[in-house]
Amino acid sequence: MPESPTGRATYRLRSVCVDYATPAGPVAGARDITLDVPASGMTVLAGPSGSGKSTLLRVLGLVERPDRGTVELDGTDVAGLSHRRRRALRRDRISLVFQNPVDNLLPQLSVTGNLRAAAESAGHDHTTDDDILGELGLDGTGDWSVSALSGGQQQRLAFGCALARRTPVILADEPTSQLDDVSAERVLDVLRRLADHDLTIVVTSHDGRLIDLATHLVRLRDGALHDVPPAGDTRTPKGVDTP
């Protein structure tokens, strides 16, 4: 994958708002979000439950359309695209890793079968299974069933499937939240390695260990940005505690 020019943004969000209808009236999931997501490194969306980080991740994943504002992916305004075009962009450009490890995998397939299915889903005929498993610390598990893996191993395999798909963007929602400390540390090791690839990685988390890995830290509160560098500035704010 070619090296990204310094300062290039994969995503550009301008005045993005997402509203949810509730019996008590509309609730803002995202309020006036203006943000650039750098083309490389790891962007962490941090904040407590209800802060809007999962909503923002769904917007980036082209799963949710903003009610107002613009979202650009590699220079293309995606907010108004057809469902078919958005689905094609998700297939070609974006890999998603969910909180619950098993939700990311096909339990009827082996470890290697999951990697190959992931590659095929993005239009690739084959993948370097052993290389990916080695990078994940899953050497020798290629013939194992998904159920034979621990939760942490399943989550590492989920990131392996993202690598097998060869998408330039990986989005992960609270990837350590369902894991014990030891398993979480091993997933963090995988994220450290992925951050060295020329990939756009965006992760939601309130895990301080994961926040410490951020090359670009975005803090949210009540659906709005809170203590974040302005668009185009990739510096990580220091000395600010997550609310």
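Criteria and thresholds
Numbering of residues starts from 1 in each chain and follows the order in which that chain's sequence is written. This being a predicted model, a pLDDT of at least 70 is required before a residue's local features are given, and a value of 80 or more before pairs of side-chain atoms are given or counted; all residues contribute to the totals for chains, interfaces and linings. Side-chain numbers come from the whole structure's heavy atoms, not from hydrogens or water. For helices the rule is a DSSP run of H or I covering at least 4 residues; for strands it is a run of E covering at least 2, with both sets numbered from the N terminus onward. Exposure is judged per residue with a 1.4 Å probe applied to protein chains only, and the accessible area is read against the type maximum: over 50% gives exposed, under 20% gives buried, and values in between give partly exposed. Between two residues, a contact is recorded if the distance between any of their heavy atoms is within 4.5 Å. In the analysis that follows, any N or O atom pair within 3.5 Å is treated as a polar contact, provided that within protein one partner can donate a hydrogen and the other can accept it, and provided that, for residues neighboring in sequence, both atoms belong to side chains. A pair of strands is labelled paired if DSSP reports no fewer than 2 bridges between them. Orientation is described by axes fitted as lines to C-alpha atoms, over the contacting stretch for helices, and by angles from 0 to 180 degrees between their N-to-C directions. Arc definition: directions from the helix axis to the C-beta atoms. As a per-residue measure, pLDDT reflects the predictor's confidence and takes values from 0 up to 100. The term salt bridge refers to a pairing of a side-chain nitrogen on Lys or Arg with a carboxyl oxygen on Asp or Glu at a separation within 4 Å. We call a set of buried Ala, Val, Leu, Ile, Met, Phe, Trp, Tyr and Cys residues a nonpolar core when their side-chain atoms join them within 4.5 Å.

Visitor: Before we move on, can you summarise the environment of Leu 171 with the specific residues and values?
Guide: Residue placement: Leu 171 occurs in strand E7 (residues 169-173). Judged by relative accessible area, which is 0%, Leu 171 ranks as buried. Residue contacts for Leu 171: discarding those within four places in its chain leaves Tyr 11, Leu 57, Leu 60, Gly 61, Ile 94, Ser 95, Leu 96, Val 97 and Val 202.

Visitor: Outline the environment of Asp 92, listing residues and values.
Guide: Within the secondary structure, Asp 92 sits in helix H2 (residues 83-93). The sequence separation of Asp 92 and Arg 166 amounts to 74 residues, and the corresponding C-alpha distance is 8.5 Å. Other than its neighbours up to four places away in sequence, Asp 92 contacts Thr 167 and Pro 168. Within the local environment of Asp 92, its side chain forms a polar contact with the side chain of Arg 91, the two groups lying 2.8 Å apart.

Visitor: I'd like to hear about the sheet that holds strand E9 (residues 216-221), residue by residue, with values.
Guide: With mixed pairing, the six strands of this open sheet are ordered in space as E6-E7-E8-E3-E9-E10. At either margin of the open sheet sits one strand with a lone partner, and together these are strand E6 (94-97) and strand E10 (224-225). Strand direction decides the pairing type here: E6 and E7, joined by four bridges, are parallel. In the strand pairing of E7, Val 97 is matched with Ala 172. Each of strand E3 (41-46), E6, E7, strand E8 (200-205) and E9 is contacted by helix H1 (residues 53-60), which is oriented at about 155° to E8, the strand it contacts most.

Visitor: Provide a residue-level description of H2, including the pertinent values.
Guide: Those residues of H2 that sit buried are Arg 86, Ala 88 and Leu 89. For H2, the angular spread of buried residues about the axis comes to 160°, placing them on one side. Relative to its buried face, H2 has exposed residues pointing more than 90 degrees away, namely His 83 and Arg 84. Where H2 is buried, its residues meet E6.

Visitor: Any details on the confidence of the model for the chain? Residues and values, ideally.
Guide: One rule of thumb: low pLDDT means the predicted coordinates there are not for detailed reading. Per-chain confidence: the chain averages 87 in pLDDT, with 89% of residues scoring 70 or above. Note on residues 1-6: pLDDT under 50 across the span, and nine contacts to partners over four residues away in sequence or across chains. Here residues 234-243 is modelled with pLDDT under 50, and outside its nearest four sequence neighbours on either side it reaches 23 contacts, counting other chains as well.

Visitor: Help me get a handle on the pattern of salt bridges, residues and values and all.
Guide: Considering all chains together, one arrives at 12 salt bridges under this definition. Between Asp 189 and Arg 192 there is a salt bridge whose closest N-O contact spans 2.5 Å. Taken together, the residues span about one helical turn, with Asp 189 and Arg 192 both in helix H6 (residues 181-194) at a distance of three residues. Salt-bridge contacts for Arg 209 lead to Asp 207; the nearest nitrogen and oxygen are separated by 2.9 Å. Classification of Arg 209 by relative accessible area gives partly exposed; the value is 29%. Three or more residues joined by partner-sharing salt bridges are found here, namely Asp 181, Glu 185, Asp 207 and Arg 209.

Visitor: Go over the nonpolar core, please, and point to the residues and values.
Guide: Met 42, Val 44, Leu 157, Phe 159, Leu 191 and Leu 194 are the most contacted members of the largest nonpolar core, which totals 39 residues. Elements with a contribution of two residues or more to this core: E3, helix H3 (111-121), helix H4 (129-136), helix H5 (151-165), E7, H6, E8 and helix H7 (208-211). Membership of the second largest hydrophobic core comes to 24 residues, among which are Leu 35, Leu 57, Leu 60 and Val 169.

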